[in-house]
Amino acid sequence: MSDVIDQKGKLGAGARAFVSAPGQMLIDGQWVGSESGRTITVTDPATGLPVTTVPAGTAGDVDRAVKAARRAFEGSWAAVRPVQRERLLLKLADLLEQHADEFAELETIDNGKLLMMARHGDLNIAIDSLRYMAGWATKIEGTTINPSFAYIPDMQFTSQTLREPVGVVGQIIPWNFPLVMAVWKIAPAIAAGCTVVLKPAEDTPLTALRLGQLICEAGFPDGVVNIVTGDAEPGAALVDHPGVDKIAFTGSTEVGQIIQRRAADSMKRISLELGGKSPVVILKDADIGMAVQGAAQAVFFNHGQVCTAGSRLFVERPIYDAVMEGLAQVAEGFTLGSGFDPSAQMGPLVSAKQRERVQGFLDLGQEQGGRLIAGGKAVDGAGFFFRPAVFADVRPDMTIYREEIFGPVLAATPFDDLEAATAMANDSSYGLGASVWTNNLSLANRMVRKLKAGTVWVNCHNLLDPAVPFGGYKMSGYGRELGHVARDLYTESKSVTIALG
């Protein structure tokens, strides 16, 4: 490891200053360590070298954070008017925009993603999402109803509904889009008037903590947003804590199922954005070049570490060979390297553990008869790099066809008619995303209505906007983030009836 270059030297002054000091958690407006004194080392995925440390939060730390959030929710925060919540979120967006280059660098050294993608993808989405959700703070509305109560004929009544904040929210986010996920959780909760305890992923806590500093700078009252870092312990403590009214989780289906079971004891409100095994369906009339590039980006974007990754590919048989040849060329042509290297087209996977997981799926795919036509091996040397892989002629009984890999591995299968394509695309326990590639608008609309997925793209994939709801069918979870429906995740509806005499 002596020849491996520590990438902290590539950081700008702001990011370098942030990682030079051990990280601390945000609880009740104060920056503190864990009550246990333990820390977790944050590792650069491109080098395997340590970047900094953050506290290993405990159940006791979560208890302190939840109590702070409860005090704020029932105290000063309750008196903050909607327009003030809107202004706080807009101020936070302005601060994030001012520090966008710094955040992009932190995301790259923490997660491994390409610097340009972090700066022009993740940061723009996070900033736009803050501003979009800020606007909803002043637009949370109820309804008025003229009830009949026919069994009380001699009296008049009026009824209305109120939307009220659900309360203290525990939020648990994954490591693939650390900053974006933090914003997607925090912004609608604040707009609705809730208070928050956020648990970032163990592997990628840096941008969430830096965002916490901006939250303090923006003037959020103490206890409104709390951030507790650590491994599984603080996440489990959040789910179990009696002072938490709702859990919002993004992550694997397996963990989501555990949360659902544990939350049942206290009937906590929950919203779950879980795994996916998203189909990409290419019809024979599609532009082959466009479809090849689209299918490649669908699965290889962010190194395949995307819940909506188009990891199952179905191609109509007349163009199957041409599409597979094109995808093999794309996969073999990727330049792997550090996210700070402007020539790199794909960075490392997030951790050694994740690389081992992906390698395990790839080995199993070959053992079960998959035809590997491109890539598919870990890269020797420092960092957690893995060459993108393309499997052809994958059968529905293969593990790589059915299970979420969360890495740059594509499983492709030919089909002969639309009915077969639809059946195969829907033959999954997941239902998060899907895409259809065709120049026939009628066929596209028929496929859109038949696919069982929360988002269906036509001639594109993995496009997200703050105004467009996002969430899944089946084992991909329930609840919708983004769009106006995100308000409903963080509010309760109260019915009020008044006798008029």
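Note that the structure is a prediction, hence the values are computed from the model and not measured.

Analysis parameters
- Residues numbered from 1 in each chain as written.
- Predicted model: local features only at pLDDT ≥ 70, side-chain atom pairs only at ≥ 80, totals over all residues.
- Heavy atoms only, no water.
- UniProt positions renumbered as here; feature names shortened; annotations may be inferred.
- Helix = DSSP H or I, 4+ residues; strand = E, 2+ residues; numbered from the N terminus.
- Buried < 20%, exposed > 50% of the residue type's maximum accessible area, 1.4 Å probe, protein only.
- Salt bridge = Lys/Arg side-chain N within 4 Å of Asp/Glu carboxyl O.
- Expected span 1.5 Å × (residues − 1).
- Core = buried A, V, L, I, M, F, W, Y, C linked by side-chain atoms within 4.5 Å.
- Contact = heavy atoms within 4.5 Å.
- Pairing = 2+ DSSP bridges.
- Axes fitted to C-alpha atoms, helices over the stretch in contact; angles between N-to-C directions.
- Parallel < 35°, antiparallel > 145°, perpendicular 65-115°, else oblique.
- Left-handed = near helix turned anticlockwise from the far one by under 90°.
- Phe/Tyr/Trp six-rings, centres within 6.5 Å; stacked < 30°, edge-to-face > 60°.
- Lys NZ or Arg CZ within 6 Å of the ring centre and 35° of its normal.

Trainee: Account for the UniProt feature "domain: Aldehyde dehydrogenase" (unreviewed entry) in the protein, with residues named and values stated.
Mentor: Within the UniProt annotation, "domain: Aldehyde dehydrogenase" (unreviewed entry) is assigned to residues 31-496. A helix fraction of 40% and a strand fraction of 20% characterise residues 31-496, whose end C-alpha atoms lie 42 Å from each other.

Trainee: Summarise the UniProt feature "active site" (unreviewed entry) in the protein; cite the residues concerned and give the values.
Mentor: The feature "active site" (unreviewed entry), as given by UniProt, occupies E273 in the numbering adopted here. Its place among the elements puts E273 in strand β11 (residues 269-273).

Trainee: How would you explain unusual backbone geometry if you had to name every residue and give the values?
Mentor: Phi angles above zero are rare outside glycine, and D28 is one such case at about 55°. Mapped onto the elements of the fold, D28 is located in the loop between β1 (25-27) and β2 (30-32). Positive phi is not limited to glycine here, since H303 has a value of about 65°. Locating H303 in the fold gives a position in the loop between α10 (288-300) and β13 (312-316). On the basis of relative accessibility, which here comes to 2%, the residue H303 falls in the buried class.

Trainee: Mind laying out the pattern of salt bridges, listing which residues take part and the relevant values?
Mentor: Counted by the stated rule, this structure contains 20 salt bridges. We note a salt bridge from R64 to D61, for which the minimum N-O separation is 2.6 Å. Of this pair, R64 and D61 both sit in helix α2 (residues 59-74), three residues apart, roughly one helical turn. Given the relative accessible area of 0%, D61 is considered buried. Its salt-bridge partner being K67, residue D63 comes within 3.0 Å of it at the nearest N-O pair. Separated by four residues within a single helix, D63 and K67 lie in helix α2, roughly one turn from each other. For D63, a relative accessible area of 24% gives the class partly exposed. Taken together, the salt bridges that share partners define one network made up of R70, E74 and D245.

Trainee: Lay out helix α6 (residues 178-192) in plain terms, naming residues and giving numbers.
Mentor: Side chains of residues three or four places apart in an α-helix project in the same direction, reflecting 3.6 residues per turn. Taking 1.5 Å per residue as the helical rise, α6 with its 15 residues ought to reach 21 Å, and the 22 Å between its terminal C-alpha atoms agrees with that figure. The element α6 is extensively covered by neighbouring structure, given that 15 of its 15 residues are classed as buried. The positive-phi residue at the C-terminal boundary of α6 is G193, with phi of around 100°.

Trainee: Could you give an account of the nonpolar core, naming the residues involved and the relevant values?
Mentor: Counting residues in each nonpolar core, the largest one holds 78 residues, and the members touching the most others are L96, I190, L211 and F220. It is α6 that contributes the most residues to this core, twelve residues altogether. If we ignore the near neighbours within four places in the chain, the residues touching L96 are F103, L123, A126, I127, L130, L179 and L214.

Trainee: If you had to explain the sheet that holds strand β22 (residues 491-499) to someone new, which residues and values would you point to?
Mentor: Spatially, β5-β6-β22 is the arrangement adopted by the three strands of the open sheet, whose pairing is antiparallel. The sheet terminates laterally at β5 (144-145) and β22, the two strands that pair on one side only. The sheet contact formed by strand β6 (residues 157-165) and β22 spans nine bridges and is antiparallel. Within the sheet, the bridge partner assigned to T158 lies in β22 and is I498.

Trainee: Break down the packing of helix α4 (residues 100-111) against helix α5 (residues 115-136) for me, with residues and values.
Mentor: Interhelical geometry of α4 versus α5 gives an angle of 125° and a closest axis separation of 8 Å. Considered as vectors, α4 and α5 are oriented oblique to each other. Here the hand of the crossing between α4 and α5 comes out right-handed. Together, A100, D101, F103, A104, E105, E107 and T108 of α4 and L115, A118, R119, D122 and L123 of α5 make up the contact between the two elements.

Trainee: Please provide a residue-by-residue account of the packing of aromatic side chains, values included.
Mentor: Two numbers describe a pair of aromatic rings. These are the distance of the centres and the angle of the planes. On inspection of all chains with the given rule, the structure shows eight aromatic pairs. Taking 6.2 Å as the distance between ring centres and 75° as the angle between the ring planes, the aromatic pair formed by F149 and Y151 counts as edge-to-face. In this structure F149 comes out as partly exposed when scored by relative accessible area, which is 24%. Taking the relative accessible area as the measure of exposure, Y151 reaches 65% and is therefore exposed. On the basis of an interplanar angle of 85° and a centroid distance of 5.3 Å, the ring pair of W175 and F406 is categorised as edge-to-face. Highlighted residues: W175 in the loop between β7 (168-172) and α6 and F406 in the loop between α13 (399-402) and β16 (409-415), separated in sequence by 231 residues. W175 sits in the buried class, given a relative accessible area of 16%. For F406, a relative accessible area of 16% gives the class buried. Grouped by ring-pair contacts, the aromatic residues F149, Y151 and F157 constitute a single cluster. The ring of Y490 has K246 sitting right over it, with the charged end atom 5.3 Å from the ring centre.

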